[in-house]
Structures are given as C-alpha cells and as structure tokens.
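Examination of the molecular architecture
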Amino acid sequence: MNPMPPRLTPPLRDLLVPQGNVVALWQLPGPERRAARRAARLRQWRRLSPQVILASPTAPTASQLAWAAVLHCGPKARLSGRTALILHGWRGDLTTPHDVVVPRAVRPRPAPDLVRVRRVAQPSGPAALPARTSPHLATLHAAAWAPSDRQAMYTVISTLQQRLTSPNRLRETLEHLPTLRRRRLISSVITEFADGIQSLNELDFAAMCREYGVPEPFRQRRVLDSNGRLRAIDAYFRTASGATIRVEIEGMQHLDPEQYFADITRHNDLAFASPATSVRITTWHLRHEPEPFMRDL
C-alpha cells in the first residue's frame, strides 16, 4: 500500500494556499521539511527545483513555475523583468527561465531551466504575491536584459502605452541605476514617448525623417472626424503655405480585412472633416524601402 502524502497542517496550509500550492524547503520547520522531501521522493508531490516542491503530483502551471523561481532564490528574492511585468498586467505569456533579482551576497543553487539569477544592491518591490519589483523597475530591467535593442525599445514603449508606468516614474527609477545596460537608449525612448511617439513605428519614422532631412513631424495629434469621434494622427507636417500633410504608418495588422475596412472608414471620416493631404506607408516599406517615400515626402 502506498503511504499517504503529508498531512496539511495549518502552518503548511497557510503557506500553500497563497503560493499556488508551491512551497520552499527553507519555509518549513524540520518535521514538515522531511515530510515534503519524502512525498517528493515517492512522487506524491513534485520537486520543481532543489529548493522548491509542488504539493501535487501534477505538472506545474506557468504561474506555479513563477512562484517556484522566486521561492528557489530565498526570502529576499524578487521576480523582475518580463515576468514581473506580466504579473503587473503587461500583455504576454509567462515563460521560463524567470529573471529573479537577489542581493549580491545571496547565491542560490543553480536551476538554469527555471531561473536566471540577477544580483543587485538590494531588491525591493511592492507588497504583492509572488514577490516582485515595481512595474517601473521591472520595465527598466526587462529592457536592459532584452536580447536586442529593438526588443528593449518595444518593452519600454509598450509598458508606457499600457499605462503600467509613466515617463516620469521611469526617469525617477532610472536615476538610481547609473550602470544599467542600455541606459542611454532607454532614456532616449522615454523622452521620445513623452514628446508624443506612441509606437516603435513612429520612432522609426522620426529617425527616418532626421536621416533624410525631413523636418521633425508633429505626433499623435488628436482631431475630430466628420462623425464627431476623436481620432489620433500618427504624424503630420505643416507646410510653409499652411497646408497639412498627414502620415499614417500602417503595421501588418492592417492587412486583416476587418482592420482594412475600418481603416478606409476612418480615412474618409477624417478627410470629410478637415481636408488635408494624407499619405500612408507600411512599416515594411519604412524598414526596407524607405527612400522613394521619404524622397516624395
């Protein structure tokens, strides 16, 4: 007969319930620690790392793995970067390995499939479960640890778009990170966003204008269309004669039929409300064949 799994005492239950059924050995007193190890050895429970056990034999969920990552690194650890952002509401899926910040003196046991350990002066964060850094610090960490500059730029802009943070809060947090990787790039993206850029496409377009000697555009101007709806223009220029040139930057999502029909209606409603020269360019052309458009502009 197979032995029964450990009895859930009140202290153990108080740990498992808020932690998604995940517990670290360092959280348990001696008898319960031995019982948890025995249950994992008998496969009644599942070991997720050398330090963390799932109180169930089933496969862990993405959320449970995030819990395991931070608990593996000890009581002073905090999730940060992309994982913390998703837990704060950023759109995305939780994937391993998770980035966890710990004090420089802490050296958790390796668990490379589960966690990437990042040593910092002193991790801190809001009173949230699982423990994680603030959305402002998580944004900066995610940008610094991104695999490319472009991914870093996207991270900063998307968190600002989703209002998980603000330019001022990012600047304030960045002031305390003088050695942060990509600090100059991140600072420039924050400034660009604060000046009106709302997407990577608009950032690319502004850089292209500077490269081709086109005047700096006005960005994200809000106007009423012919039906009284408030619309945002990606970029626009005012000529010496007073004429207006609007520029719409179309991402790949605009190839979807429903989006395409909505774009036509939007274009016409704006044209009827305030006549102007309106030009459109796709993000593909902006990145791969910009010269003909920029020359005409």
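Just above sits the structure.
What comes next is a walk through the structure. Because the structure is predicted, anything quoted here is derived from the model rather than measured. (Residues numbered from 1 in each chain as written. Predicted model: local features only at pLDDT ≥ 70, side-chain atom pairs only at ≥ 80, totals over all residues. Heavy atoms only, no water.)

With that settled, the discussion passes to the nonpolar core. Counting residues in hydrophobic clusters, the biggest one holds 20 residues, and the most contacted among them are V22, V52, L71, V100 and V115. The set of elements that each furnish at least two residues to this core consists of β1 (22–24), β3 (52–54), α3 (62–72) and β5 (98–103). When near neighbours in sequence (up to four residues on either side) are disregarded, V22 contacts L15, L16, L48, V52, I53, L54, Q64, W67, A68 and L71. Counting 18 residues, the second-largest nonpolar core is a separate cluster that includes M153, I186, I190 and F193. (Core = buried A, V, L, I, M, F, W, Y, C linked by side-chain atoms within 4.5 Å. Buried < 20%, exposed > 50% of the residue type's maximum accessible area, 1.4 Å probe, protein only. Helix = DSSP H or I, 4+ residues; strand = E, 2+ residues; numbered from the N terminus. Contact = heavy atoms within 4.5 Å.)

Below, the discussion takes up the pattern of salt bridges. Taken as a whole and judged by the stated rule, the model has six salt bridges. Of the charged contacts, one joins R182 and D149 as a salt bridge, the two residues approaching to 2.6 Å between their closest N and O atoms. Placement of R182 in the loop between α7 (167–174) and α8 (183–194) and of D149 in helix α6 (residues 149–161) is noted, with a sequence separation of 33 residues between them. Note on D149: relative accessible area 44%, which makes it partly exposed. For the salt bridge of D204 with R150, the shortest nitrogen-to-oxygen distance reads 2.8 Å. Taken together, the positions of D204 in helix α9 (residues 200–212) and R150 in helix α6 put the pair 54 residues apart, joining distant regions of the chain. Among the charged side chains, a salt-bridge network with shared partners connects D99, R116 and R118. (Salt bridge = Lys/Arg side-chain N within 4 Å of Asp/Glu carboxyl O.)

With their axes 10 Å apart at the nearest point, α7 and α8 run at an angle of 160° to one another. Compared by their axis directions, α7 and α8 come out roughly antiparallel. Crossing of α7 over α8 shows left-handed handedness. For the pair α7 and α8, the contacting residues are P167, L170, R171 and L174 in the first and R183, I186, S187, I190, T191, F193 and A194 in the second. (Axes fitted to C-alpha atoms, helices over the stretch in contact; angles between N-to-C directions. Parallel < 35°, antiparallel > 145°, perpendicular 65-115°, else oblique. Left-handed = near helix turned anticlockwise from the far one by under 90°.)

Attention shifts here to α9. Its 13 residues give α9 an end-to-end C-alpha distance of 18 Å, which sits within 8% of 18 Å, the value for a rise of 1.5 Å per residue. Here α9 has its buried residues at L200, N201, E202, L203, D204, F205, A206, M208 and C209. Positive backbone phi, approximately 75°, marks G213, located one or two places after α9. (Expected span 1.5 Å × (residues − 1).)

What follows deals with the sheet that holds β1. With respect to topology, three strands assemble into an open sheet ordered β1-β3-β2, the strand pairing being antiparallel. Where the open sheet ends on each side, the last strands, each with one partner, are β1 and β2 (46–49). Sheet twist, expressed as the average angle between the axes of neighbouring strands with direction ignored, equals 30°. Alignment of β1 against β3, held across three bridges, turns out to be antiparallel. Its bridge partner lying in β3, V23 is registered against I53. Contacts from α3 reach β1, β2 and β3 within the one sheet, and its direction differs from that of β1 by about 10°. (Pairing = 2+ DSSP bridges.)

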